[in-house]
Amino acid sequence: RDFALPAMGLSDRRATLEALESASVPGKVLFDDVRSAFARLIDAQEVLYARRMNREDMLRRVGIGVVLLEILALIVVLLMLRIELIDQATAAFEQNQQLEKQADELEEAVQQARAAEERYRSLVDGLAVGVLLVTQDGIQSTNPAAERIVGLTADQMKGRTAIDPPWRAVHEDGSPFPGEAHPVVLSMQTGEPQSNVVMGIRRPDDTVAWIEINSRPLFRAGESQPYAAVASFVDLTERRRLESQLL
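Residues numbered from 1 in each chain as written. Predicted model: local features only at pLDDT ≥ 70, side-chain atom pairs only at ≥ 80, totals over all residues. Heavy atoms only, no water.

A. View of the overall build of the protein chain. From N to C terminus, the protein chain includes six helices and five strands. When its helices and strands are written in sequence order, the protein chain yields α-α-β-β-α-α-α-β-β-β-α. The proportion of buried residues among the 247 residues of the protein chain is 23%. Across the protein chain, contacts joining residues at least 24 apart in sequence account for 41% of those joining residues at least 6 apart. Counting only carbon and sulfur atoms, one obtains 58% of the accessible surface of the protein chain, whose full area is about 17,200 Å². (Helix = DSSP H or I, 4+ residues; strand = E, 2+ residues; numbered from the N terminus. Buried < 20%, exposed > 50% of the residue type's maximum accessible area, 1.4 Å probe, protein only. Contact = heavy atoms within 4.5 Å. Areas by Shrake-Rupley, 256 points an atom, 1.4 Å probe, with all protein chains shown as cover.)

What follows is the structure, encoded as structure tokens:
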């Protein structure tokens, strides 16, 4: 009898096997052999089916494991990025705090410098002695006494140098006082102070103002060449006038 084994499913073959076992047909020995062979075929198919199912289950588990590993790796990357972002945010916050602290310190230093400058300016402006701050670019700052003695405003003196012809400086004997011999020029060139130098300078009204001048060089930290000089001078004009009258 043809059982069409290749076209049967596993359950159909199992039913066929049960039918063979319960059937009573002639030629029992041959029938038993067929039944045994059929049973072995079914057992072999069941083994193959079980293996296939195990392999598919294993592949499915492996696939799930791979997906889980990828998810775990993604979580690790995200955690690392989060930690890096937190570190960057912390560093930025600390840097911002440091900058704010430095800004506060700078503002305080600026305020202190302004207060010191105001005190210095008040002191210098109150002096009866003329004071000039001179750099390579000429006169940068003056006080009211200096303006009064030489007969020029601060704006008029701004940028003038000691060798400018309008000063028309003279020695006590009336001979010309060369600009290169001016105490401020010498202090800027040599780095040495100059003291008690008497000279006469022409005012805008063509009168002569007699002064006794001192100069001191100013140095920046670590530098040997002066960047400026301070000149202070007293007005000798009235004293010389009285002396000339006594003579």
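Having put the structure on the table, let's press on.
B. Geometry of the sheet that holds strand β2 (residues 138–142). With antiparallel pairing, five strands are arranged side by side in an open sheet as β2-β1-β5-β4-β3. The open sheet is flanked by β2 and β3 (194–202), the only strands paired with a single partner. Neighbouring strand axes in the sheet, compared pairwise and without regard to direction, differ in orientation by 35° on average. Relative to strand β4 (residues 208–218), β3 runs antiparallel, the two sharing seven bridges. Counted as the bridge partner of Ile 201 is Ala 209 from β4. (Pairing = 2+ DSSP bridges. Axes fitted to C-alpha atoms, helices over the stretch in contact; angles between N-to-C directions.)

C. Summary view of the nonpolar core. With 21 residues, the main nonpolar core has Leu 132, Val 150, Met 157, Trp 167, Met 199, Ile 201 and Phe 233 as its most contacted residues. Broken down by secondary-structure element, the contributors of at least two residues to this core are β1 (130–135), α3 (144–150), α5 (183–190), β3, β4 and β5 (228–235). Contact partners of Trp 167, with chain neighbours within four places excluded, come to Ile 139, Val 150, Leu 152, Met 157, Arg 160, Thr 161, Ala 162, Ile 201 and Arg 202. (Core = buried A, V, L, I, M, F, W, Y, C linked by side-chain atoms within 4.5 Å.)

D. Fine view of a nonpolar patch on the surface. Among the surface-exposed residues, Ile 64, Val 67, Leu 68, Ile 71, Ile 75 and Leu 79 lie close enough to one another that they form a single nonpolar patch of about 530 Å² accessible area. Mapping Ile 71 onto the fold places it in helix α2 (residues 28–125). By relative accessible area, Ile 71 is classed as partly exposed at 43%. (Patch = residues over 30% accessible without salt bridge, like charges linked within 9 Å, V, L, I, M, F, W, Y side chains within 5 Å. Salt bridge = Lys/Arg side-chain N within 4 Å of Asp/Glu carboxyl O.)

E. The packing of aromatic side chains, seen in detail. Under the criterion given, the structure shown has zero aromatic pairs. Sitting above the plane of the Trp 210 ring, Arg 240 keeps its charged end 3.9 Å from the centroid. (Phe/Tyr/Trp six-rings, centres within 6.5 Å; stacked < 30°, edge-to-face > 60°. Lys NZ or Arg CZ within 6 Å of the ring centre and 35° of its normal.)

F. Just the environment of Ala 169, in detail. With respect to the secondary-structure elements, Ala 169 resides in the loop between α4 (154–157) and α5. Each C-alpha atom of the pair Ala 169 and Ile 201 lies 4.4 Å from the other, and the pair is 32 residues apart in sequence.

G. Layout of unusual backbone geometry. Here Arg 168, not a glycine, exhibits a phi torsion of approximately 45°, which is positive. Structurally, Arg 168 is set in the loop between α4 and α5. Unusually for a residue other than glycine, Asn 196 sits at a positive phi of about 55°. Residue position: Asn 196 is located in strand β3.

H. Fine view of the pattern of salt bridges. Tallied over the full model, the rule gives five salt bridges. One salt bridge in this structure joins Asp 235 and Arg 203, with 4.0 Å as the shortest N-O distance. Taken together, the residues span a long stretch of sequence, with Asp 235 in strand β5 and Arg 203 in the loop between β3 and β4 at a distance of 32 residues. You can call Asp 235 partly exposed: its relative accessible area is 32%. The class for Arg 203 is buried, based on a relative accessible area of 17%. Here Arg 241 and Glu 238 are joined by a salt bridge, their closest N and O atoms 2.3 Å apart. Taken as a pair, Arg 241 and Glu 238 lie in helix α6 (residues 237–246) at a separation of three residues, close to a single helical turn. Classification of Glu 238 by relative accessible area gives partly exposed; the value is 42%.

I. Structural view of the pairing of β4. Hairpin geometry of β3 and β4 is characterised by an intervening segment of five residues between the two adjacent antiparallel strands and by a positive phi of about 75° at Asp 206. Examined bridge by bridge, β4 and β5 share eight bridges and lie antiparallel to one another. Paired with Ile 213 across the two strands is Phe 233, which belongs to β5.

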